[in-house]
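Residue strings, one per chain:
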Amino acid sequence: MGRGSEDAKQAPSELDSSKELLKELGAIIRSSYDGMFITDGDGVVLRLNDAYERITGIKASEIMGKNMKCLVEAGYFDESVTLHVIEKRTTITINQTVKKDRKILVTGTPLFDEQGKLFRVVTNVRDITELVQLQNQLLKTKAQTLKYKTELSHLRAMHIQNHEMVTRSPKMARVIELSMKIADVDSNVLITGESGTGKELIAKLIHKHGKTTARPFIKINCAAIPEQLLESELFGYEGGAFTGAKKEGKPGLFELAHNGTLFLDEVGDLPLLLQVKLLRAIQEKEIMRVGSTRSITVNARIIAATHRDIAKMIQHGTFREDLYYRLMVVPINLPPLRERKEDVPLLIMHFIEKFNKHFGYNKRILPEVIDKLVEYSWPGNVRELENVIERMMVTAAGEALTADLVPETIWNKNFLPKKGTKLKEAVAQTEAYLLTECYKEYRSWQKVAEVLGIDRTTVFRKAVRYGLEKK
Ligand SMILES: Nc1ncnc2c1ncn2[C@@H]1O[C@H](COP(=O)(O)OP(=O)(O)OP(=O)(O)O)[C@@H](O)[C@H]1O
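Everything numeric in this text was worked out from a predicted model, so none of it was measured. (Residues numbered from 1 in each chain as written. Predicted model: local features only at pLDDT ≥ 70, side-chain atom pairs only at ≥ 80, totals over all residues. Heavy atoms only, no water.)

(A) Seen up close, the sheet that holds strand β4 (residues 102–112). Across the sheet, which stays open at both edges, the five strands sit in the order β2-β1-β5-β4-β3 with antiparallel pairing between neighbours. Looking at the sheet topology across the chains shown, the edges are occupied by β2 (45–48) and β3 (92–98). Going from strand to strand, the sheet's axes swing by 25° on average, the running direction of each strand aside. In this structure, strand β1 (residues 35–40) lies alongside β2, joined through three bridges in antiparallel fashion. (Pairing = 2+ DSSP bridges. Helix = DSSP H or I, 4+ residues; strand = E, 2+ residues; numbered from the N terminus. Axes fitted to C-alpha atoms, helices over the stretch in contact; angles between N-to-C directions.)

Right, here's the structure in full:
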């Protein structure tokens, strides 16, 4: 009896707190900035807030108590997330467009009772029109930035073509663009390509457009210096390190290139012993002068170049694989001139202008001569072309560079000196012809020397004399 009256006393307060809770919930739903929309388990609309009306433009009075299926059929919605949730019994999010152009993000969540029966679907609606607009704007801006970047690097490349490197070849344009891109970082670069293709020019370009441009650009031709001297040239020596050494010692090129660029030309010709030392210098950023036990810190960007097939040299054990990977962080390959014939006329005009200025001439070339020069395969690449143009210009009697000035080796596959040529000149022409033809086949002066049965230094000297190799 006493207990019954206690229950009766408690009942109104539980009811009160439930009422209080309901009021609170109603206030929360009403005040939500996101739209809220609630149906029962069959999709009958029970409740929606002001934000929902604002976002969708649909009034509560139009849809209250109606089933979502009927509302879709009546054209209020083209798709109903509530119906998807009822079907799939899981939370679902979709994007919708309302009021013609308002983008909304709609998320429906199922609520289950204790028996697992679906009894409510709560839908949250967020107006994301501004967000989508911002996202589109961002995408547009990104695309525009990319376009400007591409245009800028193209313009830079064009500027370089006009001022330093002459080319209209797409392959070379890509090489120049890559060189510009990597100019600012200090990664090592390995430039490969046949002799005379412009490897040194590219190395200078990278240096010139990089952060170290005011710093030294030090070049060493690993093939041109005798092996015994190469080590002291590269790493320097202490006073009295060997007979003939300067008393005060001498810094090596590595030291001189500190904070700048060290250009190792013909790196494929570096003896194995020096490859080890070079690897150590690159890895540890330290060198030791010949005859010294003291380490010196050096910080130089290495740009190496070679016309040799280093991968083959690694197979034959004449080039260290670890050094190769240290050098070719950025590999750049220059195509031979015969693979970019479109550059030949441009280069011809460039060199004619250069030598006209240099010699104070006013010479010009006939179009049919340009055609003939384009046909030729240029085994010595741009350097050979430059030498041929110079030779034609200095030997031309008048102002026109005519067909008879084109060297016989270019005209004629079965070359023979012309009748009446002085013997000395005929010998020179024959030598130049043999060297050119042989080099075209083997692409190595060492091999040419073997095939022609003379020593390497003689071949090299003759190649320089005939403009097939640089001095
Ligand atoms: N695209 C170019 N425009 C103008 N001049 C060029 C171009 N390419 C090469 N040259 C000129 O051709 C000559 C040879 O170029 P460079 O010395 O850079 O070639 P290389 O590949 O380093 O040769 P090697 O392998 O024999 O050392 C140079 O006089 C250079 O100025």
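(B) The arrangement of the sheet that holds strand β10 (residues 261–265) in detail. Taken in spatial order, the five strands line up as β7-β10-β13-β6-β14 in an open sheet, and their pairing is parallel. With partners counted over all chains shown, the strands left at the sheet margins are β7 (217–221) and β14 (330–333), one partner each. Going across the sheet, the axis of each strand differs from the next one's by a mean of 15°, ignoring polarity. Note: β10 against strand β13 (residues 301–306), four bridges, orientation parallel. Counterpart to leucine 262 in the pairing with β13 is isoleucine 302.

(C) Fine view of the UniProt feature "domain: PAC" (unreviewed entry) in the protein. The UniProt record annotates "domain: PAC" (unreviewed entry) at residues 88–140. When the span residues 88–140 is considered, its composition is 25% helix and 53% strand, and the gap between its end C-alpha atoms is 37 Å. (UniProt positions renumbered as here; feature names shortened; annotations may be inferred.)

(D) View of helix α15 (residues 367–375). All buried positions along α15 are accounted for by Val369, Ile370, Lys372 and Leu373. Taken end-on, α15 shows its buried residues confined to a sector of 160°, consistent with a single buried face. Looking at α15, the residues exposed on the side facing more than 90 degrees away from the buried face are Pro367, Glu368 and Glu375. (Buried < 20%, exposed > 50% of the residue type's maximum accessible area, 1.4 Å probe, protein only. Arc of directions from axis to C-beta.)

(E) Quick peek at the environment of lysine 462. Looking at the element boundaries, lysine 462 is found in helix α20 (residues 456–465). In this structure lysine 462 comes out as buried when scored by relative accessible area, which is 15%. When the C-alpha positions of lysine 462 and glutamate 238 are compared, they lie 37 Å apart, and in sequence the two are 224 residues distant. The contact partners of lysine 462, leaving out residues within four places of it in the chain, are Glu431 and Leu435. (Contact = heavy atoms within 4.5 Å.)

(F) View of the pattern of salt bridges. One pass over the structure, following the stated rule, counts 21 salt bridges. A salt bridge links glutamate 194 to arginine 338; the shortest N-O distance between them is 2.5 Å. Residue glutamate 194 is found in the loop between β6 (189–192) and α8 (199–208), and its partner arginine 338 is found in the loop between β14 and α14 (343–359); the two are separated by 144 residues along the sequence. For glutamate 194, a relative accessible area of 16% translates into the label buried. For the salt bridge of glutamate 200 with lysine 204, the shortest nitrogen-to-oxygen distance reads 3.2 Å. Highlighted residues: glutamate 200 and lysine 204, both in helix α8, separated by four residues, approximately one helical turn. You can call lysine 204 partly exposed: its relative accessible area is 40%. Counted as one network, the salt bridges with shared partners bring together Arg102, Asp127 and Glu130. (Salt bridge = Lys/Arg side-chain N within 4 Å of Asp/Glu carboxyl O.)

(G) Spatial organisation of a nonpolar patch on the surface. Taken together, Leu434, Tyr442, Val451, Leu452 and Ile454 make up a surface patch of nonpolar side chains, about 380 Å² in accessible area. At the level of elements, α18 (423–442) and α19 (445–452) are the ones that each hand at least two residues to the nonpolar patch. Turning to its location among the elements, valine 451 is positioned in helix α19. (Patch = residues over 30% accessible without salt bridge, like charges linked within 9 Å, V, L, I, M, F, W, Y side chains within 5 Å. Areas by Shrake-Rupley, 256 points an atom, 1.4 Å probe, with all protein chains shown as cover.)

(H) Examining the domain arrangement of the protein more closely. Under the domain assignment, the protein is made up of domain 1 (25–127), domain 2 (164–334) and domain 3 (338–465). With centres defined by C-alpha atoms, the gap from domain 2 to domain 3 works out at 30 Å. Contact with domain 2, which involves 14 residues of that partner, is made by 16 residues of domain 3. Buried surface at the junction of domain 2 and domain 3, both sides included, amounts to about 1300 Å², of which 45% is carbon and sulfur. Where domain 2 touches domain 3, the interface holds three salt bridges. Our count for the contact surface shared by domain 2 and domain 3 stands at ten residue pairs in polar contact (both at pLDDT 80 or more). A class-by-class count of the residues in the side of domain 2 that touches domain 3 yields four nonpolar, six polar and four charged. (Domains from an automatic or database assignment. Buried area = accessible area lost by both parts, 1.4 Å probe. Polar contact = N/O pair within 3.5 Å; in protein donor to acceptor, adjacent residues only side chain to side chain. Nonpolar A, V, L, I, M, F, W, Y, C, P; charged D, E, K, R; others polar.)

(I) Structural view of the packing of α19 against α20. Between α19 and α20, the least distance of the axes is 8 Å, while the angle of their chain directions is 110°. One finds that α19 runs roughly perpendicular with respect to α20. Residues Trp445, Gln446, Val448 and Ala449 of α19 touch α20, and the partners they reach there are Arg456, Val459, Phe460 and Ala463. Its residues placed into classes, the contact of α19 with α20 shows six nonpolar, one polar and one charged. (Parallel < 35°, antiparallel > 145°, perpendicular 65-115°, else oblique.)

(J) Here's a closer look at the nonpolar core. The biggest cluster of nonpolar side chains holds 32 residues, and the ones touching the most others in it are Phe254, Leu262 and Leu264. Where this core is concerned, the elements lending two or more residues are β7, α9 (227–235), α10 (253–256), β10, α11 (272–284), β13, α12 (310–315) and α13 (321–327). Of all the elements, α11 adds the most residues to this core, at five residues. If sequence neighbours within four positions are ignored, leucine 264 has contacts with Ile220, Cys222, Leu234, Leu278, Ile302, Ile303, Ala304 and Ala305. In this structure, Leu337, Leu347, Ile370 and Met393 belong to the second largest nonpolar core, which totals 25 residues. (Core = buried A, V, L, I, M, F, W, Y, C linked by side-chain atoms within 4.5 Å.)

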